Amino acid sequence: MTTPDLGFLGEGPFLSTEVLPPDNGDPGVLLEAASAVRAAGAGPLFFPDAPGGRARVDATAAAAAVRGALGGPCIPHVNTRDRNRIALQAALETASFLGVDGVKAVTGDPVPGDLGRGVYDLDSVGLVQLAGRESPQLPALVGHALGHTDPGSSEDRLRAKLDAGAAAVVTTPTLDPDVLLRALDRLGSLPVPLLVGLTLVPSAEVLDYLLAEAPAFRVPPGFRERLHGAHTPDEAHDLGLVAARAMADALSGRAMGFHVVPPFGRWQGAVPLLEALRG
Amino acid sequence: MDRLPKVTEAVGASVLEELRRSGGNEYIVEILERLQDENSCLANFITHYALQHPDPAGVTTGALLTYRLLESQLDADRMKREFPVDDDS
């Protein structure tokens, strides 16, 4: 079995983030976003693949365009929701052909309402296995909601991704380091690099919704009360920065990098967090 | 364009908590001030019709809370797209 080369990630620690491909054909919007987050300290850039089931410029094409213009590691997401097995194989071959640095294999959230139907010939584990067979030089990273409210099944699922050949793990954002550290302790040492996901929560109302609906999103004790007590949006923003910084400090010995997920998918929201983490 | 969202209990309870914490008036005034900046036509509409009602404060509060509930839910739904339901999305 060929082991994918992850040298493009460097030695770490590093910051990465996501750049949402545009929903129109204007490459200037994409390059402006990529340039801004790189200037704020991001190294590897990830490109979400039709998040929320909304059509956008192909993530691999966007990643290749940014890599060509700016250089540096560029990794598109490839979801299994929108492609059958043949199209997934083609997507992997296209990623190799266009010279992106890897792919992040994602299953993809269900398509909302009347936008279409999901395919799901494979899930993310199947896609990682397919990449290992058909495109062994192409690293297939995975996302994972570590610290899930159902840790047993979540951690079994992560082990399946690792067994399938995942080259690195990017956790979905959370702000409670203790939950993540406990999960990592249960898993033992990971055989692949870990990128810890972070984000900024824009308001107390959004926080309460995420705590109710996103099963792996946790906050440290007292954070919710402090956010509800914030008198201004700036104060709430600063509380979020402090929490993310504390999370990064607590995980610094375990993570190879920190992955900033921009609030609302807007790169402008990632910049202050990248700058705060860069120190 | 997104349709108006369906407000969830989590967001409803959170908005209510914000209202109670501020003692009510401060929270409502903040929303109104922001609305006047961001959506002045809507703000004028609310204040104009509230003043024609016997309980203008009640009408204004109801209208602004409705606005805040929809706004918060819209933010929450957009934010949750970054937090996949599936644990590997």
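Visitor: Give a detailed account of the overall build of chain B, specifying residues and quantitative values.
Guide: If you tally the helices and strands in chain B, you get 4 helices and 0 strands. Beginning at the N terminus, the succession of helices and strands in chain B can be written as α-α-α-α. Rg of the C-alpha trace for chain B: 15 Å, well past the compact-globule value of 12 Å for 89 residues, more than 25% over. Based on the C-alpha atoms only, the size of chain B along its principal axes is roughly 55 × 30 × 20 Å. Of the contacts made within chain B by residues no fewer than 6 positions apart, 64% connect residues no fewer than 24 positions apart.

Visitor: Give me the overall build of chain A: which residues, what numbers.
Guide: Scanning chain A from terminus to terminus reveals 10 helices and 8 strands. Taken along its principal axes, the extent of the C-alpha atoms in chain A is 50 × 45 × 45 Å. Scored against the burial criterion, the 279 residues of chain A give a buried share of 51%.

Visitor: Now, about helix α1 (residues 27-39) of chain A: what can you tell me, with residues and values included?
Guide: All names here are of chain A. Compared with an ideal rise of 1.5 Å per residue, which puts 13 residues at 18 Å, α1 spans 18 Å between its outermost C-alpha atoms and is within 8% of the ideal. Those residues of α1 not exposed but buried are L30, A33, A34 and V37. What you see down the axis of α1 is that its buried residues fit within an arc of 95°, all on one side. What points out from α1, more than 90 degrees from its buried face, is the exposed set G28 and A39. Against the buried residues of α1 lie β1 (14-18), β2 (45-47), α2 (59-70) and α10 (267-278). In the segment just after α1, G41 is the residue with positive phi, at about 125°.

Visitor: Before we move on, could you go through the confidence of the model for chain B and cite the residues and values that matter?
Guide: All names here are of chain B. With 91% of its residues at a pLDDT of at least 70, chain B reaches an overall mean of 90. Taking the mean pLDDT of every element in chain B, the minimum, 92, falls on helix α2 (residues 25-38) and the maximum, 96, on helix α3 (residues 40-51). Scoring the predicted complex yields pTM 0.92 and, for the interface, ipTM 0.85.

Visitor: Tell me about the sheet that holds strand β8 (residues 257-260) of chain A, and name the residues and values.
Guide: Residues and elements named next belong to chain A. Here we have 8 strands rolled up into a closed barrel, ordered β1-β2-β3-β4-β5-β6-β7-β8, and parallel in their pairing. Along the sheet, successive strands turn relative to each other by an average axial angle of 25°, direction set aside. Summarising the sheet, strand β4 (residues 103-106) and strand β5 (residues 140-144) pair through 3 bridges and their orientation is parallel. Pairing of K104 across the sheet is with L141, part of β5. This element, α10, spans β1, β7 (194-198) and β8 of the sheet and lies at about 175° to β1.

Visitor: Tell me about the environment of A:L273, and please be specific about residues and values.
Guide: Residues and elements named next belong to chain A. Checked against the element boundaries, L273 lands in helix α10. It is 7.4 Å that separates the C-alpha atoms of L273 and V260, two residues lying 13 residues apart in sequence. Dropping the residues within four chain positions of it, L273 is found in contact with L198, L200, L241, A244 and V260.

Visitor: Explain the nonpolar core to me, using residue names and the numbers behind them.
Guide: Within the largest apolar cluster, 92 residues are counted, with the highest numbers of intra-cluster contacts made by A:V19, A:V37, A:A140, A:A244 and A:L274. When residues in this core are grouped by element, the largest group, 7 residues, is from α10(A). Among all residues touching A:A244, those that are not within four sequence positions of it are A:L175, A:L198, A:L200, A:L273, A:A276 and A:L277. Counting residues in hydrophobic clusters, the runner-up holds 7 residues, among them B:L35, B:A43, B:A63 and B:L64.

Visitor: Please set out the interface of chain A and chain B residue by residue, giving values where relevant.
Guide: Contact with chain A, which involves 36 residues of that partner, is made by 24 residues of chain B. Top contributing element to the side of chain A that touches chain B by residue count: helix α7 (residues 204-213) of chain A, with 8 residues. Taken together, the residues of the side of chain A that touches chain B break down into 17 nonpolar, 13 polar and 6 charged.

Visitor: Explain the environment of A:H148 to me, using residue names and the numbers behind them.
Guide: Residue and element names in this part refer to chain A. For H148, the location among the structural elements is in the loop between β5 and α5 (151-164). On the basis of neighbour count, H148 is assigned to the buried category, with 23 C-beta atoms found within 10 Å. Through-space distance from the C-alpha of H148 to that of A183 is 8.9 Å; in sequence the pair is 35 residues apart.

Visitor: Residues and numbers for the packing of α7(A) against helix α4 (residues 56-80) of chain B, please.
Guide: Two numbers describe how α7(A) lies on α4(B): the axes approach to 9 Å, and their chain directions differ by 50°. Taken as axis vectors, α7(A) and α4(B) run oblique relative to one another. The hand of the α7(A)/α4(B) crossing is right-handed. Facing A:E205, A:V206, A:Y209, A:L210 and A:E213 of α7(A), the residues of α4(B) in contact are B:S72, B:D75, B:A76, B:M79 and B:K80.

Visitor: Please set out the pairing of β4(A) residue by residue, giving values where relevant.
Guide: Walk down a regular strand and you will see the side chains alternate between the two sheet faces. All names here are of chain A. Residue alternation in β4 divides its side chains into two sets, V103 and A105 and K104 and V106, and both sets are buried. Sheet topology places strand β3 (residues 74-79) next to β4; 3 bridges connect them, and they run parallel. For N79, the partnering residue across the bridge sits in β4 and is V106. You can see the chain leave β3, run along helix α3 (residues 85-98) and come back into β4, and the turn it takes is right-handed. You can see the chain leave β4, run along helix α4 (residues 124-134) and come back into β5, and the turn it takes is right-handed.

How each quantity is defined
Residues numbered from 1 in each chain as written. Chains lettered and ligands numbered in written order. Predicted model: local features only at pLDDT ≥ 70, side-chain atom pairs only at ≥ 80, totals over all residues. Helix = DSSP H or I, 4+ residues; strand = E, 2+ residues; numbered from the N terminus. Rg over C-alpha atoms; globule rule 2.2 N^0.38 Å. Contact = placed C-beta atoms within 7 Å. Buried ≥ 20, exposed ≤ 12 C-beta atoms within 10 Å, placed from the backbone. Expected span 1.5 Å × (residues − 1). Arc of directions from axis to C-beta. pLDDT = per-residue confidence, 0-100. Pairing = 2+ DSSP bridges. Axes fitted to C-alpha atoms, helices over the stretch in contact; angles between N-to-C directions. Core = buried A, V, L, I, M, F, W, Y, C linked by C-beta atoms within 7 Å. Nonpolar A, V, L, I, M, F, W, Y, C, P; charged D, E, K, R; others polar. Parallel < 35°, antiparallel > 145°, perpendicular 65-115°, else oblique. Left-handed = near helix turned anticlockwise from the far one by under 90°. Right-handed = clockwise from strand over helix to strand, strands pointing away.

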